[in-house]
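# Breakdown of the fold
This is what each chain is made of:
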Amino acid sequence: MELKQVMEITTKIGEMLLSSGAEIYRVEDTMKRIAKSYEVELDSFVMPTGFSATGKTHDGRIITCVKRIKDRTVDLHRIDLLNDLSRRIENEDLNYDEIIGEVEKIRKLPYFKYPLRVFSAGIVAFSFTQLFNGKLLDALIAFIITCIVYVVKEKISRLGFFQFFEYFLSGFLAAILTLIFKNLINAVNLDKVIIGSIMILVPGIAMTNAIKDALYGDLISSFARFGEALFIAASVGAGVGFALTLGLGWVML
């Protein structure tokens, strides 16, 4: 396989891994293993917002690629599929067209239909509300609120608002809807429902990856991820706090 084709494959897979929320060490190791399978020596420098990679062949040919990552999310299913593809590249003699076809197939995710994702978000809220000693009524209300928040968050994301404003509005909506239910049904536990409703917004995986990056020695990436996670948590908290400030007096009436 030509050096240009090898670099195209490694950078495409590396870009998809990074934009799907993979750890820095995983992105670097996967790219290096793929390049090595085609006798290309690869050096890379990966950050959460982009990476550079230089491939070198035994006869001295060199290509350097730089990728900027603007959109980042957490998609463990896609990461798993890309990991599986990288292992196949190592163990099987796949040609360029086969690999590109597999990469494009993975790129067209999600495989999960939209109603299923909305329902799954609601189940997360339902479970966490009960975990925090909420009543069945609280869990059911949290389920409804989270489904609404998920739909609205998806629509806001498509409009192109910056990430932290998106999380602020989502937290605000979760708290406002909880206040409305509290005003209608006095038996609702305000704190339990809010906690359950915002669990899909909590950047738990991002914080976990930040710690893992630190353990692997990627300190700059670790601080960047941890800072981003803190800003997201602060945005959600600010949205909830603003809603409570506006609505608590109304609920008490």
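Okay, so let's go over this structure.

Rules behind the numbers
Residues numbered from 1 in each chain as written. Predicted model: local features only at pLDDT ≥ 70, side-chain atom pairs only at ≥ 80, totals over all residues. Heavy atoms only, no water. Phe/Tyr/Trp six-rings, centres within 6.5 Å; stacked < 30°, edge-to-face > 60°. Buried < 20%, exposed > 50% of the residue type's maximum accessible area, 1.4 Å probe, protein only. Lys NZ or Arg CZ within 6 Å of the ring centre and 35° of its normal. Axes fitted to C-alpha atoms, helices over the stretch in contact; angles between N-to-C directions. Helix = DSSP H or I, 4+ residues; strand = E, 2+ residues; numbered from the N terminus. Parallel < 35°, antiparallel > 145°, perpendicular 65-115°, else oblique. Left-handed = near helix turned anticlockwise from the far one by under 90°. Contact = heavy atoms within 4.5 Å. Nonpolar A, V, L, I, M, F, W, Y, C, P; charged D, E, K, R; others polar. Pairing = 2+ DSSP bridges. Salt bridge = Lys/Arg side-chain N within 4 Å of Asp/Glu carboxyl O.

## A short note on the packing of aromatic side chains
One pair of aromatic rings is described through two measures. These are the centre distance and the angle between the planes. Applying the stated criterion to the full structure yields seven aromatic pairs. Seen from their ring centres, Phe128 and Phe132 are 6.4 Å apart, and the 25° between their planes marks the pair as stacked. For Phe132, a relative accessible area of 35% puts it in the partly exposed group. Every member of this aromatic cluster is reached through a ring pair, and the members are Phe168, Phe172 and Phe242. Over the aromatic face of Tyr167 sits the side chain of Lys153, whose NZ or CZ is 4.8 Å from the ring centroid.

## As for the packing of helix α1 (residues 3-19) against helix α3 (residues 76-91)
Across the interface, α1 lies against α3 with an axial gap of 10 Å and an inter-helix angle of 155°. Between α1 and α3, the angle falls in the class roughly antiparallel. Along this stretch, α1 crosses α3, giving a crossing that reads as left-handed. When α1 is examined against α3, the residues Ile9, Ile13, Met16 and Leu17 are found in contact with a partner set consisting of Arg78, Ile79, Leu82, Asn83, Leu85 and Ile89. Residues of the contact of α1 with α3, tallied by class, amount to eight nonpolar, one polar and one charged.

## A word on the environment of Met1
Among the structural elements, Met1 can be located in the segment before α1. A relative accessible area of 38% means that Met1 is categorised as partly exposed. Placed 17 residues apart in sequence, Met1 and Leu18 show a C-alpha to C-alpha distance of 25 Å. When neighbours within four sequence positions are excluded, Met1 is seen to be in contact with Val6, Ile9, Tyr38, Leu94, Asn95, Tyr96 and Ile99.

## Considering the sheet that holds strand β3 (residues 62-68)
One open sheet accounts for three strands, arranged β1-β2-β3; its pairing is antiparallel. At either end of the open sheet lies a strand with only one pairing partner, and these are β1 (41-47) and β3. When strand polarity is set aside, the average angle formed by the axes of neighbouring strands in this sheet is 10°. Note: strand β2 (residues 50-56) against β3, seven bridges, orientation antiparallel. Bridging from a neighbouring strand, Thr54 pairs with Thr64 of β3. Sheet strands in contact with helix α2 (residues 24-37) are β1 and β2, and its direction is about 160° off that of β1.

## Some points on the pattern of salt bridges
Any two side chains of opposite charge can pair, on the condition that their charged atoms come close. Under the criterion given, the structure shown has 14 salt bridges. Salt-bridge contacts for Arg225 lead to Asp213; the nearest nitrogen and oxygen are separated by 2.8 Å. Here Asp213 lies in helix α9 (residues 204-215) and Arg225 lies in helix α10 (residues 219-252), a separation of 12 residues in the sequence. When its relative accessible area of 9% is taken as the criterion, Arg225 is described as buried. Owing to a relative accessible area of 0%, Asp213 belongs among the buried residues under this scheme. Here the salt bridges do not stand alone but share partners, grouping Glu2, Asp59 and Arg61 into one network.

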